[in-house]
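This is what each chain is made of:
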Protein chains: 2
Amino acid sequence: MARVNENFLKLASGYLFPEINRRKNEWAKNNPGISIYSLGIGNTTEELGPSIASAMIEKVNKLSNRNTYTGYGDEQGDAELRRELASFYEKEYGVSFPLDYFFVSDGAKSDAANISEIFSQSSVVAITDPAYPVYVDSTVASGKSGNFNGNSYDGIVYMDAREDDGFLPRPPKVKVDLIYLCSPNNPTGAVFTAERLQEFIDYAIENKAIIIFDAAYSDYIRDEGFVRSIYQLDGAEKCAIEINSFSKNAGFTGVRLGWSVVPKTLVCENEEEGVVNRLWNRRQTTFFNGASNISQAGGIAALKQEGRRECRRLVDYYLENARIIKTNLEDIGLKCYGGANSPYIWAKCPNGLSSWDFFDFLLAKAHVIVTPGSGFGKNGEGFVRLSSYGHREDIIQAVNAIKGAMNE
Amino acid sequence: MARVNENFLKLASGYLFPEINRRKNEWAKNNPGISIYSLGIGNTTEELGPSIASAMIEKVNKLSNRNTYTGYGDEQGDAELRRELASFYEKEYGVSFPLDYFFVSDGAKSDAANISEIFSQSSVVAITDPAYPVYVDSTVASGKSGNFNGNSYDGIVYMDAREDDGFLPRPPKVKVDLIYLCSPNNPTGAVFTAERLQEFIDYAIENKAIIIFDAAYSDYIRDEGFVRSIYQLDGAEKCAIEINSFSKNAGFTGVRLGWSVVPKTLVCENEEEGVVNRLWNRRQTTFFNGASNISQAGGIAALKQEGRRECRRLVDYYLENARIIKTNLEDIGLKCYGGANSPYIWAKCPNGLSSWDFFDFLLAKAHVIVTPGSGFGKNGEGFVRLSSYGHREDIIQAVNAIKGAMNE
């Protein structure tokens, strides 16, 4: 008799975005004909760069000719793309890694969720609170937690990221095996300095723990003093897996392309050299058949000089949106975090409002959707996340609507 | 201290294709300048259909314009593609399923491997021998087997597919929870008749087991009397998940696109209505972010009238290759199975040779690579698989080389 995976049944239902939609739809029904602006979702809105789009069209044309057609590629990714990635790490971070440390995937979300599988079910997992929900959900689904206790999951070590400490977590006080970090952070926009991230590397080396470092927003870092790749820091190649993506810098949210770096030098309990790299390779070759060759052609172009310029312009655009949101909200007295070196603004709810109360206020008075911070973890309560992904004109209208509502 | 997943360590190393490459490379080194033909790999070689390629180029152009750009789509797949799939099932199979039974993915391999995750680790799994290695490997990696005993894995129920029974398996004599079937079969080319597949449905309903039916080669079925979708048979909606792909009919092996059908009517131990569908939805929304929107645009085109015609022409081409291989091998006295309604020819090694002996013979004497049947399971011993994927002129040269070598 078929039985479902009991760990999946532990998952609390995805509450946040369905609930946002429910409230939005209810309000829209009661207020017909009024436009609603969204600063809610982290979804890109601007077009692909021309050289990147051309490369994808050229690839489709090659696939349309039997002399240049290709079928299955390497599950680990096209060798040219991996060479471009290796060269990118060399140029941008001064880090020299062999090709077989790089695994191309269909995006950072897949890797962030699937990476858990190659580690023992008995692993103790530490996750920042607040955080992107996929870290917690994949930890639970892969059997590495206890039950949901109404607030959080038993067995997961939550690392508090609090306002009085710049929303950066500190290494756990207990021994853990796996640590998820995201910088620039979703949802808070907090970015690790070298000093603060080094604390985690030191902890991980001491405890033979492995850090899963989600750097999906690394291209948004423009100021000095912040870490763009964890491998810029000493010792990271012994304890860190880095996940990244073309979603937010090349606009590939729908095109789908990402990568992970899994060094052979990682240290864990099993002393076989390169065992983590070997098992991730086994996982990817068994459960995956490579990212789309068209997306990969786009990724190769995105890493070349012209493509990098196009990505920079795209990120500039969203960063300017973020600056507009942040400065305008600050003008009306809202306390804001993030919004520089990050596409997200993390705004403190005024007058002690809860996340959902402020959400309801902004929906009713400004007709603007934001994301309640409490949906990302208990430390998100009292905050909302505003996203800079949107057309400039829509962002300006939304911000003006918020200003109008707050000044009433 | 990080510990790796002990179930992954149980996996015997992927022996088959690395060993083929090792022998091929060694031979090439000792015989420089001699061309080697391949009938070894199931990788498509012919170009994309024009209407399908145009749709993908149009999608890239839409993504290049901010007014028509789109980012994240639904993790379950674009609604238009799901509508086309539902309409395809209606037209081709007379089966009427709602959209939320369909889940678009990046390919059949991913789904065939990942589907295991939503079932309990204590599940007893039945797998055809010989079979596509992903079923066994994902069963082992997800903790549903014992150790490798040098020949097979403890705990897996192998269903023998033997020459004297048309290479079709029979339902297990013991109680199992999950059953993997593939028809047309890789590697044997055997295709289920309604009668033989109904035995499995009856077994599954009686035992509340779930069948995972891999129909990736269904478009190769041209003759009457065979089952193209398991849902053509009574009761399948209570016990079967169907996996399919655009790889082998639209040439999307590198483009990546597939789908699974997970009915809400499936019956299992947990009596919550639609629980399997709900958990697969949870799995896909947590561990996956949708297939590439460019690939999906191609998939939509492939399901429309012109696209279906292009797919038919492509499959015709490979079927003709298969016919050429089969009839020529039969001319020289080789006993062949498959090769009609399937892209694979399953040839019996002559003179009692083992799979690897015949492989070595064909490499040395004909300079042709085939796939040793023993690599797919113990019942594959004494057979080799020949693939019809290749340019016609290469197929003919390879076949002539085999004929020459066998007639020497």
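Above this text is the structure in question.
The text that follows walks through the structure, step by step, so that each part is easy to find. (Residues numbered from 1 in each chain as written. Chains lettered and ligands numbered in written order. Predicted model: local features only at pLDDT ≥ 70, side-chain atom pairs only at ≥ 80, totals over all residues. Heavy atoms only, no water.)

Focus: the sheet that holds strand β9 (residues 336-338) of chain A
Two modes of strand pairing occur in sheets, parallel and antiparallel, and in both the strands are linked by backbone hydrogen bonds. Just so we agree on the cut-off: Pairing between two strands is assigned when DSSP locates at least 2 bridges connecting them. Numbering of helices and strands starts at the N terminus; helices are DSSP runs of H or I of at least 4 residues and strands are runs of E of at least 2.
In space, the 4 strands of this open sheet follow the order β9-β10-β13-β12 (chain A), with antiparallel pairing throughout. In this open sheet, the two strands that pair with only one neighbour each are β9 and β12 (371-372) of chain A.

Looking at the sheet that holds strand β10 (residues 344-348) of chain B
Residue and element names in this part refer to chain B. Taken in spatial order, the 4 strands line up as β9-β10-β13-β12 in an open sheet, and their pairing is antiparallel. Of all the strands in the sheet, the pair left with one neighbour each is β9 (336-338) and β12 (371-372). Taken together, the 3 bridges between β9 and β10 define a ladder with antiparallel strand orientation. Residue pairing across strands places Cys 336 opposite Ala 347, the latter belonging to β10.

Some details on the side chain of Ser 142 of chain B
Residues and elements named next belong to chain B. Going by this rule: Partly exposed residues are those whose accessible area sits between 20% and 50% of the maximum for their type, while under 20% is buried and over 50% is exposed, using a 1.4 Å probe and protein chains only. Under this definition, polar contacts are N or O atom pairs within 3.5 Å; protein pairs additionally need one hydrogen-donor-capable and one acceptor-capable atom, and for neighbouring residues in sequence, both atoms have to be side-chain atoms. Contacts: residue pairs with any heavy atoms within 4.5 Å of one another.
As for its position among the elements, Ser 142 is in the loop between α6 (133-141) and β4 (157-160). With a relative accessible area of 17%, Ser 142 lands in the buried category. One polar contact links Ser 142 to Lys 144, side chain to side chain, over a distance of 3.0 Å. In this view, Ser 142 contacts Asn 7, Ser 116 and Gln 121; residues no more than four positions away in its chain are not counted.

Comments concerning the interface of chain B and chain A
To be explicit about the condition: Salt bridge, as applied in this entry: a Lys or Arg side-chain nitrogen positioned within 4 Å of an Asp or Glu carboxyl oxygen. Charged means Asp, Glu, Lys or Arg here, nonpolar means Ala, Val, Leu, Ile, Met, Phe, Trp, Tyr, Cys or Pro, and polar covers whatever is left, Gly included.
On the side of chain A, 85 residues touch chain B, which itself brings 85 residues to the contact. Seen at the junction of chain B and chain A, the total is 10 salt bridges. Here Glu 393 of chain B and Arg 66 of chain A are joined by a salt bridge, their closest N and O atoms 3.1 Å apart. Scanning the region where chain B abuts chain A turns up 54 residue pairs in polar contact (both at pLDDT 80 or more). When contributions to the side of chain B that touches chain A are tallied by element, the ones reaching two or more residues are α1 (6-9), α3 (50-63), α5 (108-114), α6, α10 (275-287), α11 (293-303) and α14 (392-407) of chain B. Considering each element in turn, the side of chain B that touches chain A owes the most residues, 9 residues, to α10 of chain B. Looking at the side of chain B that touches chain A, its residues break down into 34 nonpolar, 31 polar and 20 charged.

Details of the packing of helix α13 (residues 355-366) of chain A against helix α14 (residues 392-407) of chain A
Residue and element names in this part refer to chain A. Test applied: Every axis in this analysis is a line fitted to C-alpha atoms, fitted for helices over the stretch in contact. Angles between the N-to-C directions lie between 0 and 180 degrees. Just so you know how the angles are binned, under 35 degrees is roughly parallel, over 145 roughly antiparallel, 65 to 115 roughly perpendicular, and the rest oblique.
In the contact formed by α13 and α14, the axes pass within 9 Å of each other and the chain directions differ by 100 degrees. Classified by the interaxial angle, the pair formed by α13 and α14 is roughly perpendicular. Mapping the contact onto sequence places Phe 358, Phe 361, Leu 362, Lys 365 and Ala 366 in α13 and Ala 401, Ile 402, Ala 405 and Met 406 in α14. In the contact of α13 with α14, the residues fall into 8 nonpolar, no polar and 1 charged.

Focus: unusual backbone geometry
Residue and element names in this part refer to chain A. Note the cis peptide between Asn 186 and Pro 187, where omega equals 20 degrees. Take Pro 187: it is sitting in the loop between β5 (178-182) and α7 (194-207). Even without being glycine, Asn 351 reaches a positive phi, approximately 55 degrees. Along the polypeptide, Asn 351 turns up in the loop between β10 (344-348) and α13. According to the relative accessible area criterion, Asn 351 is exposed, its value standing at 77%. Residue His 367 is not a glycine yet carries a positive backbone phi of 60 degrees.

Some words on the pattern of salt bridges
Pairs can form between side chains of opposite charge once their charged atoms are near each other. Residue and element names in this part refer to chain A. The final tally for this structure, using the stated rule, is 62 salt bridges over all chains. For Glu 199, the salt bridge goes to Arg 196, with nearest N and O atoms at 4.0 Å. Note that Glu 199 and Arg 196 are positioned in helix α7 at a spacing of 3 residues, about one turn of the helix. Residue Arg 196 is classed as buried on the basis of its relative accessible area, which comes to 11%. In the salt-bridge network here, residues are joined through shared partners; they are Glu 19, Arg 22, Arg 23, Glu 26 and Asp 360.

Focus: the packing of aromatic side chains
Each aromatic ring pair is characterised by the separation of its centres together with the angle its planes make. All names here are of chain B. Keep this limit in mind: Between the rings of Phe, Tyr and Trp (Trp by its six-membered ring), a pair exists once the centres lie within 6.5 Å; its type follows the angle of the planes, with under 30 degrees stacked, over 60 edge-to-face, and the other angles tilted.
Going through the model one piece at a time under the given rule, you end up with 54 aromatic pairs over all chains. Taking the centre distance of 6.3 Å and the plane angle of 80 degrees together, the rings of Tyr 220 and Tyr 389 count as edge-to-face. Of the two residues, Tyr 220 is situated in the loop between β6 (210-214) and α8 (236-239) and Tyr 389 in the loop between β13 (383-387) and α14; the sequence distance between them amounts to 169 residues. The same class applies to Tyr 220 and to Tyr 389, which are both buried. Between Tyr 344 and Tyr 389 the ring centres are 6.2 Å apart and the planes differ by 75 degrees, which places this aromatic pair in the edge-to-face class.

A closer look at empty space enclosed by the protein
The method is simple in principle: a probe with the dimensions of a water molecule rolls over the atoms, and the space it marks as empty is what remains. Just so we agree on the cut-off: Lining residues are defined by having an atom within 4 Å of a point belonging to a cavity or pocket. Those points lie on a 1 Å grid over the protein atoms alone, cavities being sets where a 1.4 Å probe fits but cannot get out and pockets being open sets with protein on both sides within 12 Å along at least five of seven lines. Grid points are joined across faces, edges and corners, and a volume is the space filled by probe spheres set on the points.
Enumeration according to the criterion identifies 8 cavities of 30 Å³ or more in this entry. For the largest cavity, the lining is made up of 18 residues, of which Asp 106, Asn 114 and Phe 288 of chain A together with Asn 114 and Phe 288 of chain B are closest to its centre. Taken together, the elements giving at least two residues each to the lining of the largest cavity come down to α5 (108-114) and α10 (275-287) of chain A together with α5 and α10 of chain B. Its residues placed into classes, the lining of the largest cavity shows 4 nonpolar, 8 polar and 6 charged.

A word on helix α2 (residues 16-30) of chain B
The cut-off we apply is this: Here, expected helix span is obtained from the residue count minus one, scaled by 1.5 Å.
The end-to-end C-alpha separation of α2 of chain B is 22 Å, in line with the 21 Å expected for 15 residues at 1.5 Å each. Buried residues along α2 of chain B sit in contact with α13 (355-366), β11 (368-369) and β12 of chain B.

Comments concerning the relation of the copies chain B and chain A
Spelled out, the test is: To line up the copies, we fit them by least squares on C-alpha atoms, keeping just the residues with pLDDT of at least 70 in both.
Turning chain B through 180 degrees and shifting it by 0.0 Å along the axis lays it on chain A, with an RMSD of 0.0 Å. Accordingly, the operation relating the two chain copies is best matched by a two-fold axis. Relative to the rotation axis, the closest C-alpha in chain B is found at Ile 57 of chain B, a distance of 2.9 Å. Comparing interface residues between copies, 100% of those in chain B also sit at the interface in chain A, which points to an isologous, same-surface contact.

Things to note about the side chain of Thr 371 of chain A
Residue and element names in this part refer to chain A. Here Thr 371 lies in strand β12. Owing to a relative accessible area of 0%, Thr 371 belongs among the buried residues under this scheme. A polar contact is formed between the side chain of Thr 371 and the backbone oxygen of Gly 40, at a distance of 2.6 Å.

With respect to the nonpolar core
Nonpolar side chains tend toward joint burial in soluble globular proteins. To keep things clear, this is the line we draw: Side-chain atoms within 4.5 Å link the members of a nonpolar core, which is a set of buried Ala, Val, Leu, Ile, Met, Phe, Trp, Tyr and Cys residues.
Counting 190 residues, the largest nonpolar core has Ile 211 of chain A together with Ile 211 of chain B as the members making the most contacts within it. Formed by 93 residues, the second largest nonpolar core is a distinct cluster that contains Phe 119 of chain A together with Ala 108, Val 125 and Cys 268 of chain B.

Digging into the state of the cysteines
Cysteine pairs can be linked by a disulfide, which is a covalent bond between their two sulfur atoms. Let me state the cut-off plainly: By definition, disulfides here are pairs of cysteine sulfur atoms that lie within 2.5 Å.
Using the criterion set out here, one finds 0 disulfides over all chains in the structure. Just so you know, Cys 349 of chain B is unpaired, no disulfide at all, and the nearest cysteine sulfur is the one on Cys 336 of chain B, 11 Å from it.

What about helix α3 (residues 50-63) of chain A?
With 14 residues, α3 of chain A ought to run about 20 Å at 1.5 Å a step, and its terminal C-alpha atoms sit 20 Å apart, in line with that. Residues Ile 52, Ala 53, Ala 55, Met 56, Ile 57, Lys 59, Val 60 and Leu 63 of chain A constitute the buried set of α3 of chain A.

Things to note about the pairing of strand β2 (residues 102-105) of chain B
Residue and element names in this part refer to chain B. Side chains Phe 102 and Val 104 of β2 all project onto a buried face; the interleaved residues Phe 103 and Ser 105 project onto the opposite face, where all are buried too. Pairing of β2 with strand β8 (residues 258-261), which is carried by 4 bridges, proceeds in the antiparallel orientation. Among the inter-strand pairings, Val 104 is bridged to a residue of β8, identified as Trp 259.

A closer look at the packing of α3 of chain A against helix α11 (residues 293-303) of chain A
Residue and element names in this part refer to chain A. Formally: Crossings are assigned a handedness: left-handed for a near helix turned anticlockwise from the far helix by less than a right angle, right-handed for a clockwise turn.
In the contact formed by α3 and α11, the axes pass within 8 Å of each other and the chain directions differ by 140 degrees. Between α3 and α11 lies a crossing of right-handed hand. Contacts between α3 and α11 involve Ser 51, Ile 52, Ala 55, Met 56, Lys 59, Val 60 and Leu 63 from the first element and Asn 293, Ile 294, Ser 295, Ala 297, Gly 298, Ala 301 and Ala 302 from the second. Grouping the constituent residues of the contact of α3 with α11 by class yields 9 nonpolar, 4 polar and 1 charged.

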